[in-house]
Amino acid sequence: MATQDGQPRRPRLIHSAQALVDEVVEVAALPERGGNAVATSYSRYAGGAVNILVAAARSGAECVHAGAVGTGSNGDLVRAALAADRVAISSPAVEGIDTGICVVMVEPSAERTFVTTQGAERHVTVEGLQTSSPQVGDLVCVSGFSLVGRTRDPLLEWVSGLAEGVVVVLDPGDAFGGLEATLQDRVLARTTVWTSNADEALTLTGVRVEDDSAAAVAARLPAGAVAVVRDGAKGCHVHEGGRTQYLPGHPQEAVDTNGAGDTHTGVLLAERASGADWLTAARRANAAGAIKVTRRGPATAPTSAEIDAFLAALANG
């Protein structure tokens, strides 16, 4: 497909999942049940699907949020965060309901624990999702967290109606492993790209990352699909064309790992949309994740120029 000036149209990144507000507290340790902890800091950010969209936009992708956004202070924060990085929201606002929050407790190790509420972001419809108008070549992100509750049925109906050439990217999250096998199979049958962490791949396949869980995931996907499995600071494994390749990471002194996986996914897909091969895209995504963990807040992905500088510094020793 071409633009009005006859140039090839660059694929867009469309996200269908929940944009939330993260309320982040730093604690010395999680309290025992019934106990108490004193937070050393408190911050409030737009998060959830925002993380991937912002990361992709900062690497040059044209991005659209197709999910539902509420009316209220939380919804306003989501809209402002997306607008700041020129991410469009295609669906109309959900009147009378605000967007939900995710309480994030961050420990000194940078490990994080979540408690999530549900709000307007769960009020999606087929018609609302379709306002994003996916075209052949566009990358549509689907989250495993959207495959539970009231978002499941409209999402499944919408995805099943997408044109064959639309790339469906599954970010399974913790939720996907707990779905019924028939539902898993239905979603996997329409998945073009799987991108997850090692634990999520292990839950699906029973195979550890070092034993090639990326290949095991790919065996559950249609022919020609790609599986990317992240292994934290160690890097990631990319299975494409019947072969898995390991791309090393860049360990850093982490201060906040919240959003690191989302940053990896956003940059991976942005690079792919720009025409990069999967290995090049994954290398840049590894660098982006390494930069992100040195920054506080979920949607603090680096720009493309910052990734360039990071990789150049590595090359220069």
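Refer to the preceding data block for the structure.
The structure reproduced in this document is the subject of the present report.

Rules used throughout
Residues numbered from 1 in each chain as written. Predicted model: local features only at pLDDT ≥ 70, side-chain atom pairs only at ≥ 80, totals over all residues. Heavy atoms only, no water. Core = buried A, V, L, I, M, F, W, Y, C linked by side-chain atoms within 4.5 Å. Buried < 20%, exposed > 50% of the residue type's maximum accessible area, 1.4 Å probe, protein only. Helix = DSSP H or I, 4+ residues; strand = E, 2+ residues; numbered from the N terminus. Pairing = 2+ DSSP bridges. Axes fitted to C-alpha atoms, helices over the stretch in contact; angles between N-to-C directions. Contact = heavy atoms within 4.5 Å.

Grouped together as the largest cluster of nonpolar side chains are 46 residues, with contacts concentrated most on L13, V50, C63, V78, V238, L268 and L269. In terms of residue count, helix α10 (residues 278-292) provides more of this core than any other element does, nine residues in total. By size, the runner-up hydrophobic cluster in this structure holds 32 residues, among which are W194, A201, L204 and A225.

Bringing the sheet that holds strand β3 (residues 41-48) into the picture now. On the basis of which strands lie adjacent, the open sheet formed by four strands has the order β3-β2-β6-β7 and mixed pairing. In this open sheet, the two edge strands, each paired with only one partner strand, are β3 and β7 (112-116). With strand direction ignored, the average angle separating the axes of adjacent strands in the sheet is 25°. One ladder, built from eight bridges, connects strand β2 (residues 19-26) with β3; its direction is antiparallel. When the sheet's bridge partners are listed, V25 is paired in β3 with Y42. Packing against the sheet, helix α1 (residues 49-58) makes contact with β2 and β3, and its axis sits at approximately 75° to β3. Seen against the sheet, helix α2 (residues 73-84) touches β2, β3 and β6 (101-106) and runs at an angle of roughly 70° to β3.

Moving on: the pairing of strand β11 (residues 226-230). For a regular strand, side-chain orientation follows a simple rule: the groups alternate between the two sheet faces. For β11, the tally of buried residues reaches five of five residues, placing the bulk of the element in the interior. Here β11 shows two buried faces, one formed by V226, V228 and R230 and the other by A227 and V229. As defined by bridge partners, strand β10 (residues 193-197) adjoins β11 across five bridges and the pair is classed as parallel. The partner of S196 across the bridge, within β11, is V229. Bridge analysis of β11 against strand β12 (residues 235-240) gives four bridges, and the strand direction is antiparallel. Looking at the pairing, R230 lines up with C236 of β12. Hairpin connection from β11 to β12: four residues lie between these consecutive antiparallel strands, with G232 at a positive phi of about 60°.

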